[in-house]
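This is what each chain is made of:
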Amino acid sequence: MITSDILSAILVSGIVLGSGYALMASGLSLVWTTLGIFNFAHGVLMTLGAYIAWTVSDAAGLNFGLGLAIAVSAAIMIGVGILIERVIVRPFYDHRDILLVTVMTTLAAMIFMQKGIQLIWGARLKQLAPIATGNVQIWQTTISAQEALIIVVAPLLLGALWLFLDRSRTGRGIRAVGQNPDAARLIGIDVSRLFIITFALSAVLAGLTGVLLGSIRLLTPEFGSEPLVKALIIVIFGGLGSLGGTVVAAYLMGLLEAALVFFVGIYWAPSMIFLLLILVLLIRPQGLLGKVVR
Amino acid sequence: MMALHGGKLRSSKVWLIGVLLIAGLLVPIFVQDSYLRHLFIISFVYGIVAASWDLSLGYAGIFNFAHVAFFGVGVYATGLTAKLLGIDPWAAMLIGGVAASAAAAIVALPVVRLQGVYVVLVTFAFSQLVMQLVINQSNLTGGTQGMVRVPTIWLPGYNFLRDYKLGYYYVAFGLLVTTTVCLRWLVRSDFGLSIKALRDNEDYAVSRGIPIALQRLKALVASAFFTGIAGGFYVIYLRVASPEVFDFSTVSLILSMVLVGGTSSIYGPLFAALFLTFISEGLASINNFAEGRFMLVALAMIVVLLFFPKGLASALPAILARNANQKRSRQSGTALADRALMTSSDKENEAEAASHSGVR
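Note that the structure is a prediction, hence the values are computed from the model and not measured.

A few words now on the overall build of chain B. In terms of regular secondary structure, chain B is built from 16 helices and 0 strands. Evaluated residue by residue, chain B yields a buried proportion of 54% over its 360 residues. Pairs at least 24 apart in sequence give 77% of the contacts found in chain B among residues at least 6 apart. Of the accessible surface of chain B, which amounts to about 15100 Å², a share of 68% is contributed by carbon and sulfur atoms.

Tracing the backbone through its elements, the reader meets A:L17 in helix α1 (residues 4–35). Along the sequence, A:L17 and A:M253 sit 236 residues apart, while their C-alpha atoms lie 8.3 Å from each other.

Turning next to the packing of aromatic side chains. Residues and elements named next belong to chain B. A full pass over the atoms with the stated rule returns 25 aromatic pairs over all chains. Measuring from ring centre to ring centre gives 6.1 Å for F70 and F126, while their planes differ by 55°; the resulting arrangement is tilted. Remark: F126 occurs in helix α5 (residues 116–136) and F70 occurs in helix α3 (residues 67–84); sequence separation between them is 56 residues. Judged by its relative accessible area of 0%, F70 is buried.

Our focus in this paragraph is the environment of B:G261. Residue and element names in this part refer to chain B. Relative to the helices and strands, G261 is located in helix α11 (residues 248–261). Judged by its relative accessible area of 5%, G261 is buried. Separated by 211 residues in the primary sequence, G261 and A50 place their C-alpha atoms 9.2 Å from one another.

Glancing now at the pairing of strand β1 (residues 135–138) of chain A. All names here are of chain A. In this sheet, strand β2 (residues 141–144) lies alongside β1 in antiparallel orientation, the contact comprising 4 bridges. The residue bridging V136 from the neighbouring strand is I143, located in β2. The antiparallel hairpin formed by β1 and β2 contains 2 residues in its connecting segment, where W139 sits at a positive phi of about 55°.

Here we come to the interface of chain A and chain B. Counting from both sides, the interface comprises 47 residues of chain A and, opposite them, 46 residues of chain B. Overall, the association of chain A and chain B removes approximately 4200 Å² of surface from exposure, summing both partners, and the carbon and sulfur fraction of that is 80%. Here chain A and chain B share 0 salt bridges between them. On inspection of chain A and its partner chain B, the count reaches 0 residue pairs in polar contact (both at pLDDT 80 or more).

Moving on, we come to the side chain of B:T141. Residues and elements named next belong to chain B. Relative to the helices and strands, T141 is located in helix α6 (residues 138–141). Here T141 falls in the buried class, since its relative accessible area comes to 5%. At 2.4 Å, the side chain of T141 and the backbone oxygen of V134 are in polar contact. Aside from chain neighbours lying at most four places away, what touches T141 is Y76, L80, V134, G146 and M147.

Bringing the nonpolar core into the picture now. Where a protein is soluble and globular, its nonpolar side chains tend to be buried together. One finds B:F65, B:F126 and B:F233 to be the most contacted residues of the largest nonpolar core, which totals 194 residues. Setting aside residues up to four positions removed in sequence, B:F65 forms contacts with A:L100, A:V103, A:M104, B:W53, B:V120, B:T123, B:F124, B:S127 and B:L255. In terms of nonpolar packing, the next biggest core, distinct from the first, is built from 5 residues, A:V12, A:V16, A:I143 and A:A148 among them.

This part takes up helix α8 (residues 191–213) of chain A. The end-to-end C-alpha separation of α8(A) is 33 Å, in line with the 33 Å expected for 23 residues at 1.5 Å each. Most of α8(A) is tucked away: 18 of the 23 residues are buried.

Let's shift gears to α5(B). Spanning 21 residues, α5(B) covers 31 Å between terminal C-alpha atoms, matching the ideal 30 Å at 1.5 Å per step. Counted residue by residue, α5(B) has 17 buried out of 21 residues, so it is predominantly covered.

Checked against the element boundaries, B:T180 lands in helix α7 (residues 166–188). Excluding residues within four positions of it along the chain, B:T180 makes contact with B:I266, B:Y267 and B:L270.

This part is about the pattern of salt bridges. All names here are of chain A. All told, the structure shown has 10 salt bridges over all chains when counted by the stated rule. Between R175 and D166 there is a salt bridge, with the nearest N and O atoms lying 3.6 Å from each other. The residue E226 makes a salt bridge to K230 at a minimum N-O spacing of 2.8 Å. With a gap of 4 residues between them, E226 and K230 both fall in helix α9 (residues 225–238), about one helical turn apart. Residues joined by salt bridges that share partners form a network here, namely R217, E226, K230 and E257.

Criteria and thresholds
- Residues numbered from 1 in each chain as written.
- Chains lettered and ligands numbered in written order.
- Predicted model: local features only at pLDDT ≥ 70, side-chain atom pairs only at ≥ 80, totals over all residues.
- Heavy atoms only, no water.
- Helix = DSSP H or I, 4+ residues; strand = E, 2+ residues; numbered from the N terminus.
- Buried < 20%, exposed > 50% of the residue type's maximum accessible area, 1.4 Å probe, protein only.
- Contact = heavy atoms within 4.5 Å.
- Areas by Shrake-Rupley, 256 points an atom, 1.4 Å probe, with all protein chains shown as cover.
- Phe/Tyr/Trp six-rings, centres within 6.5 Å; stacked < 30°, edge-to-face > 60°.
- Pairing = 2+ DSSP bridges.
- Buried area = accessible area lost by both parts, 1.4 Å probe.
- Salt bridge = Lys/Arg side-chain N within 4 Å of Asp/Glu carboxyl O.
- Polar contact = N/O pair within 3.5 Å; in protein donor to acceptor, adjacent residues only side chain to side chain.
- Core = buried A, V, L, I, M, F, W, Y, C linked by side-chain atoms within 4.5 Å.
- Expected span 1.5 Å × (residues − 1).

Structure (structure tokens):
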């Protein structure tokens, strides 16, 4: 029987999951809508951001404050994002199969960075210090303050991203490039610059997600793999067309996963999600909420 | 197309294949070392996986990233039926192939209807799903610990565990040759022409009556069958299985073989697999470099994609020029130009393929 405390537990853990997924998937979706490429290195960017923050903040590392750690991590992520765009994406803009080629290059980048992280930091488990400590009770469920922070910060970050894309000159330029790069270039938009900004922004988002999740999960070199796979499924569900669709799909996915974990158990939840995915795609090949993307 | 390459080139190719076959048969006489033979066997397995991936990725142009998962399905289907059901390992290998084909058919269900990036996403998601299942059902599969003590093949009066892997070598070599012959036959058949036509000009091929969903399904199922058998042999030979076969790093390793060898040739990925297995295993034996070699593999992939998009083989002239030519005619120009002004050989291919399937 579903009592109110069970419902509360499912809802709260679903929203915690969904918040992380939304941050993760929005970065992927941003790059997809603007550049038309799918960045498989997105998950490992999240790992890298968390590891850098750990090195700066942890007692075993440089032992500076968490605030500085986040700043350093974000700064380095900007650099890494630009580097990825420059080296393994830019050379293929005129390629006929840009999508397939960049899937391969970003996959290679993912392996490169993941193994690099393993060589630098070792395979031993690490954990970031939480930004907020203590526990918080929401409705009838008690969660850690860090999880509550994620619930609050995710919509704030996503809202800021939306404001940036909707209101600022640069943000509008990014959307214009996403809709029609040739027309954007014709009216004098610096497309190349916006591609770089998009990639850097997406990398920073990934890094921040890593910092937020790095204190409620354990850091391993494979830290970003599972969120990446979830983000894959989310963008399939939500369609890749819009940021809004992706965010909605991310929260739905979080709730669905929390409910499935409760009803069919943690072992069968992933399989059920995949079955559902196949069904959705058979009925709506463009995704549950998406428009046709070619 | 054949007419263009008749005569000298063709006969020199027959010679080359003959020499390679004999060389392959003679290797164990000169290579007595058990570890070196092991490397040959593993490289043959990877050769099958890479070459059969070329059928769905290269020839059919399906963005199929579940191929290594099909290999894993073969590994576990064979391992489980041989170990838990006590089925004869030879038959279990075949079951591995059939199971991989069945998995491919399931994936094909959504994939044949999808476009571009969605195919990539669904196939990747499927790989992760299979890995999750294997890890979760740990009482059957051994979970992350892996499956151990899988029974191995035998022949009347012959024990495969003796002779420094001599028997395994010939089984692997036999599988590799059989697979290559089958794949070459497939890609040159009407079926092969039709999937190439669909890849190069989907609208035109469909308008000439090629059933797109059916041909793509067949391509996926066929390429999965060979990789499934290879998976079956892999587990029978090593006698252990681990969920690492589903890992992103395994995918990138085999993908690098396909890319280095160049797509749409079958031979390219095959020889690249032989070559790269020796390099990669050689590097793995260097101290603490088991992980680092994957960084090199990743770098190699990027370098090849940046500078040798037709595969490293395209950098070698002479004999391999034939393959390069074939690909150059396909990749010339932009997508738009391709549609408007197809090169004559492609046009012939397509028209031929279309009329064949129309007749049927």
